[in-house]
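What follows is each chain in one-letter form.
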Amino acid sequence: MSYSTGHVEFIPIPLASCLYLYPISPSPGGHTFSPTHFGGGGGGAMAEARAGSSIKGTIGLLMGIVEENDDKRVISLGMGDPSVYPCFRSPALAEQAVVEALRCGKLNGYAPTVGLVNARKAVADYLARDLPYDLTADDVYITSGCTQAIDVALTMLTRSGANILLPRPGFPIYELTAGFRHLEVRHYDLVPERNWEADLEAVESLADQNTVGVVVINPGNPCGNVYSYQYLKNVAEIAKKLRVPVVADEVYGHLAFGSHPFVPMGTFGVTAPVLTLGSLSKRWIVPGWRLGWFVTMDPCGAFKQPKVVERIMKYCDTMGGPPTFLQAAVPNIIEQTSEAFHAKTLDQLELGADILYEVVNDILGLHCPYKPQGAMAAMVKLDLSVLEDISDDMDFSFKLAKEENVIVVPGVALGLKGWLRFVFSI
Ligand SMILES: *Cc1c(COP(=O)(O)O)cnc(C)c1O
């Protein structure tokens, strides 16, 4: 992979502008700027700070009040990092691939900022297995985990006055990143009674001519749902109508164990361009390796225009990606990890989901509407009417941490008051 950046004058063309192909008529009744739907209010320089906190931040507060003792050890159903549990050991061959790459002694230098071509190619081939069209290495940008892929997507899409449609409840890194990029957030609600599908007419009505994308997280965090082929197809149709790309967070790609198989959003890339975000973190249980990807699944080529590609490449120049030896190991990590490993992970997750669903629904005051079908967490509704001296989900989480040393994330931290998020990947 070779390209030069030094002598090219910077031309600030937002990625969104490549969608000029689609004429957009302004929808009536616009929306006022409100960067902080998760509490607080107002715009300005501090918008990002008020745009809520990360799950890590909330868990940190809860961990601060637990008092570990022999009677009550700390049980964390808060953070979705299964690597700490022996039943979720990362694949040995993947570790070996990294060791070998490191020890060859030839991978201590910088990688191209967009990623090593072999890693890009391996991710392209891996993702294209499930698509009706091919991907090339050039469609893939290697990032520091899916977290950095979120940053790339939101930063590349934003422009003055832009807004993005995010699911609620959602993954707070989106709100935080949008805040730092002065990208207005408009939430669309995931409906518990519909197994967390959104009302797509409501999604459409939130958008206007400044909407630059719609984010879909599938399999879902925090709801543990897996969307059907038909629902995702409908999402693509809405995106097409709105002339915006779909940002598909598939960090839990393939971690589906219910009746719906995992369908990549890129399946509908011909209908609307898809920016797929992913990483090794969840499926390979190596979140600390920080190996992720930002991928353009765009057979019609809106994101392949030279100016757009140049802009993504330049943005990549501003970021340090994952270590070179880790990138070099990616082809072996993907190819050598056995189906048996993936199947075992799914069995473990399904077992956790079954236990969570049954146990929670036996507890008065808690209700999990659907058995989780994928990912690593589920949302549980609090029935405050049967709970004494509990004012809301935040109060419940803090009292549970203090009295029982059990950590669960209050729904308000994810945009859904009155609910709790339970992680079942333990
Ligand atoms: C964990 C997670 C991420 C971040 O993934 P990393 O590869 O650890 O950076 C992004 N999106 C969702 C929905 C997640 O659950």
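Conventions and cut-offs
Residues numbered from 1 in each chain as written. Predicted model: local features only at pLDDT ≥ 70, side-chain atom pairs only at ≥ 80, totals over all residues. UniProt positions renumbered as here; feature names shortened; annotations may be inferred. Near = placed C-beta within 6 Å. Helix = DSSP H or I, 4+ residues; strand = E, 2+ residues; numbered from the N terminus. Nonpolar A, V, L, I, M, F, W, Y, C, P; charged D, E, K, R; others polar. Buried ≥ 20, exposed ≤ 12 C-beta atoms within 10 Å, placed from the backbone. Contact = placed C-beta atoms within 7 Å. Axes fitted to C-alpha atoms, helices over the stretch in contact; angles between N-to-C directions. Parallel < 35°, antiparallel > 145°, perpendicular 65-115°, else oblique. Left-handed = near helix turned anticlockwise from the far one by under 90°. Pairing = 2+ DSSP bridges. Right-handed = clockwise from strand over helix to strand, strands pointing away. Core = buried A, V, L, I, M, F, W, Y, C linked by C-beta atoms within 7 Å. Domains from an automatic or database assignment. Expected span 1.5 Å × (residues − 1). Arc of directions from axis to C-beta.

By the naming in an unreviewed UniProt entry, the protein chain goes by Aminotransferase class I/classII large domain-containing protein and is assigned to Kalanchoe fedtschenkoi. Here is the UniProt Sequence similarities (unreviewed entry) comment for the protein chain, exactly as written: "Belongs to the class-I pyridoxal-phosphate-dependent aminotransferase family." The heading Cofactor (unreviewed entry) in the UniProt record of the protein chain holds the text "pyridoxal 5'-phosphate".

Participant: Can you help me understand the site of the ligand in this one?
Facilitator: Lining the immediate surroundings of the ligand are Gly145, Cys146, Thr147, Phe171, Ile217, Asn221, Asp249, Val251, Ser279, Ser281, Pro287 and Gly292. With three residues, the single largest contributor to the shell around the ligand is helix α5 (residues 145-157). A class-by-class count of the residues in the shell around the ligand yields five nonpolar, six polar and one charged.

Participant: Sorry, what's going on with the environment of Pro245 here?
Facilitator: One can find Pro245 in the loop between α8 (229-242) and β7 (246-249). By the C-beta count within 10 Å, which is 27 here, Pro245 ends up buried. Those residues within four positions of Pro245 in sequence are excluded, and the remaining contacts are Gly213, Ala239, Ala272, Pro273, Val274 and Leu275.

Participant: Would you explain the packing of α5 against helix α9 (residues 306-317) in this entry?
Facilitator: Relative placement of two packed helices is described by the angle separating their axes and the distance separating the axes. At a minimum axis distance of 11 Å, the contact between α5 and α9 shows a crossing angle of 130°. When the interaxial angle is binned, α5 and α9 end up oblique. Helix-helix and strand crossings are classified by hand; for α5 and α9 the assignment is right-handed. Counting all contacts with α5, which are made through Val152, Thr155 and Met156, the residues of α9 involved are Arg311, Ile312 and Tyr315. Taken together, the residues of the contact of α5 with α9 break down into four nonpolar, one polar and one charged.

Participant: Looking at this structure, I do not really get the pairing of strand β4 (residues 184-191). What am I missing?
Facilitator: In summary, the side chains of a regular strand alternate between the two faces of the sheet. Here strand β3 (residues 163-168) pairs with β4 via six bridges, running parallel. Looking at β4, one finds that Asn163 is bridged to Glu184. Traced from β3 through helix α6 (residues 173-180) to β4, the parallel crossover comes out right-handed. Alignment of β4 against strand β5 (residues 197-198), held across two bridges, turns out to be antiparallel. Residue pairing across strands places Leu190 opposite Ala198, the latter belonging to β5. The turn joining β4 and β5, which pair antiparallel and follow one another in sequence, is formed by five residues; a positive phi near 55° is taken by Asn195.

Participant: Would you mind showing me how to read the nonpolar core here?
Facilitator: Within soluble globular proteins, side chains that are nonpolar generally end up buried alongside one another. The biggest cluster of nonpolar side chains holds 119 residues, and the ones touching the most others in it are Ala153, Ile164, Val246, Leu277, Ala378 and Phe422. At eight residues, α5 tops the list of elements feeding residues into this core. Formed jointly, this core draws a minimum of three residues from each of two domains, domain 1 (55-88 + 340-423) and domain 2 (92-336). When neighbours within four sequence positions are excluded, Leu277 is seen to be in contact with Cys146, Ala149, Ile150, Ala153, Val247, Ala248, Asp249, Glu250, Val251 and Phe294.

Participant: Even after reading the chapter, I still don't get the UniProt feature "modified residue: N6-(pyridoxal phosphate)lysine" (unreviewed entry) in the protein chain, so can you show me in this structure?
Facilitator: Per the UniProt record, the feature "modified residue: N6-(pyridoxal phosphate)lysine" (unreviewed entry) sits at Lys282. In this fold, Lys282 is placed in the loop between β8 (274-279) and β9 (292-297). Taking the C-beta count within 10 Å as the criterion, Lys282 has 27 such neighbours and is therefore assigned buried. Other than its neighbours up to four places away in sequence, Lys282 contacts Val251, Tyr252, Leu255 and Met376.

Participant: Would you take a moment to explain the sheet that holds β7 for this structure?
Facilitator: Hydrogen bonds between backbone groups are what pair the strands of a sheet, and the pairing can be parallel or antiparallel. Strand order in the open sheet formed by eight strands is β2-β9-β8-β7-β6-β3-β4-β5, with mixed pairing between adjacent strands. For this open sheet the edge positions go to β2 (140-143) and β5, each flanked by a neighbour on one side alone. The strands that α6 touches are β3, β4 and β6 (211-217); relative to β3, the one it contacts most, it runs at about 160°.

Participant: In this structure, what is going on with helix α4 (residues 117-128)? I would like to understand it.
Facilitator: Note that an α-helix has 3.6 residues per turn; residues three or four places apart therefore point the same way. Its 12 residues place the ends of α4 16 Å apart at the C-alpha level, agreeing with the 16 Å of an ideal helix rising 1.5 Å per residue. Looking only at α4, the buried set comprises Ala119, Arg120, Ala122, Val123 and Leu127. All buried residues of α4 lie within an arc of 165° about the axis, which places them on one face of the element. Here the buried face of α4 lies against β2, β8, β9 and α10 (324-336).

Participant: Explain unusual backbone geometry here, please?
Facilitator: Across residues other than glycine, the phi torsion is negative in most instances, and most of the peptide bonds are trans. In this chain, Asn218 is followed by Pro219 through a cis amide linkage whose omega measures -10°. Checked against the element boundaries, Pro219 lands in the loop between β6 and α8. With omega at 20°, the peptide bond leading from Asn221 into Pro222 counts as cis. Among the structural elements, Pro222 can be located in the loop between β6 and α8. At Ile285, a position not held by glycine, the phi torsion is positive, near 60°. A positive phi angle, near 60°, is found at Asp389, a position not held by glycine.

Participant: Any chance you could explain the packing of helix α3 (residues 92-103) against α10 here in plain terms?
Facilitator: At a minimum axis distance of 8 Å, the contact between α3 and α10 shows a crossing angle of 145°. Like other packed secondary-structure pairs, α3 and α10 cross with a definite hand, here right-handed. From α3, Leu93, Ala94, Ala97, Val98, Ala101 and Leu102 reach across to α10, where they touch Phe325, Leu326, Ala328, Ala329, Asn332, Ile333 and Gln336. Here the contact of α3 with α10 is composed, by residue class, of 11 nonpolar, two polar and no charged.

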